[in-house]
Amino acid sequence: MSPERHIPFQRLHNFRDLGGYRTADGRTVAWGRLYRADSLGKLRTEGGDGDWERFLRLGIRTVIDLRYPWEIEAKGRVPEPGRFTYANLSIEHRPYDQAAIDPDIDPWRYLADRFAEVAEDGVEEIRQVIELIAAGPGPAVFHCTSGKDRTGLIAALVLSLLEVSEEQILADFALTELATQRLLADWHAANPGRTMRWPSYGRAPATVLALTLADLAARHGSVAAYLTDDVGITEQTTTRLRQRLLD
């Protein structure tokens, strides 16, 4: 039986294994070593849904929370953080409310522009995230709120460093579309009385990330140049990342 890409939980809707992708040199990203997720603050140690036990069975040792501190204060973080090497590294510096986006604007260009802001503003935190994935105890998981935008950008950058093809990187990003309806239902449950203005809430088409990667290449020469010259990823970090994550 092949490993699971989507790890099913009751409370989490977008928890995925980044294993199985092929690299340029013919190697494969190992299963069970790196995960991406929506907010682990939704996990409960009690309640009978089995999510916490399933999470612990994955053997995760490093948890990277990409949210703002105020999001963590409001929504909680992974239970029992002392069990893990836990880091809060907020890569986004300019918050915005997706539910309130003008429905008349080009949604995918708008999101790609927000990704560009994160890529420029968050270079220090992005570097720390990648270094922790490379050097911290594994397996590891990184997450934001929906596991879509901030998480999607980090996944794309890590897979780029592993020399996974852009086609596979875009396909991985778009898998969030399978969780859109549950993410939307969560928003309505958490915001009674509010109106959802933006019809594209929770969407993650490959177009958004394709625009983002093209923007990075146009601005920096290539995604690889952005990662080395601007983020500051060293050859040593890249080597460690590949040793840890590739079979």
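Anything mentioned here points back to the structure above.
Conventions used here
- Residue numbers restart at each chain and count upward from 1, following the sequence in its written direction.
- Restriction of local features to residues with pLDDT of at least 70 applies here, the model being predicted, together with a cutoff of 80 or more for giving and counting side-chain atom pairs; totals for whole chains, interfaces and linings are based on all residues.
- Remark: hydrogens and water are excluded; side-chain values derive from all non-hydrogen atoms of the structure.
- Angles here are taken between N-to-C directions and fall from 0 to 180 degrees, while the axes themselves are lines fitted to C-alpha atoms, restricted in helices to the stretch in contact.
- Comment: elements are numbered from the N terminus, with helices defined as DSSP H or I runs of at least four residues and strands as E runs of at least two.
- Geometric relationships in this document are graded by angle, where less than 35 degrees denotes roughly parallel, more than 145 denotes roughly antiparallel, 65 to 115 denotes roughly perpendicular, and other angles denote oblique.
- Left-handed is the label given to a crossing in which the near helix is rotated counterclockwise from the far helix by less than a right angle, and right-handed is the label when the rotation is clockwise.
- Should any heavy atoms of two residues lie within 4.5 Å, those residues are considered in contact.
- We call Asp, Glu, Lys and Arg charged. Ala, Val, Leu, Ile, Met, Phe, Trp, Tyr, Cys and Pro are nonpolar, and the rest, Gly among them, are polar.
- With a 1.4 Å probe rolled over the protein chains alone, any residue whose accessible area is under 20% of its type maximum counts as buried; one over 50% counts as exposed, and the rest are partly exposed.
- By the convention used here, strands pair only if DSSP detects at least 2 bridges between them.

The interhelical angle for the contact between helix 6 (residues 166–174) and helix 8 (residues 206–220), taken along N-to-C directions, is 135 degrees, at an axis separation of 8 Å. The angle between helix 6 and helix 8 falls in the class oblique. As helix 6 packs across helix 8, the resulting crossing turns out to be right-handed. Facing Glu166, Ile169, Leu170, Phe173 and Ala174 of helix 6, the residues of helix 8 in contact are Ala206, Val208, Leu209, Ala210 and Leu213. Looking at the contact of helix 6 with helix 8 residue by residue, the classes come out as nine nonpolar, no polar and one charged.

Side chains Ala140 and Phe142 of strand 5 (residues 140–143) all project onto a buried face; the interleaved residues Val141 and His143 project onto the opposite face, where all are buried too. Across four bridges, the pairing between strand 2 (residues 34–37) and strand 5 is parallel. Of the residues in strand 5, the one forming a bridge with Ala37 is His143. Summarising the sheet, strand 3 (residues 62–65) and strand 5 pair through four bridges and their orientation is parallel. The residue bridging Val63 from the neighbouring strand is Val141, located in strand 5.

The next subject is the pairing of strand 2. Because side chains alternate across strand 2, one face comprises the buried residues Leu34 and Arg36, and the other comprises Tyr35 and Ala37, equally buried. Two strands pair when backbone bridges link them, and strand 1 (residues 16–17) and strand 2 are joined in this way by two bridges, in the antiparallel orientation. Bridge pairing in strand 2 places Arg16 opposite Arg36.

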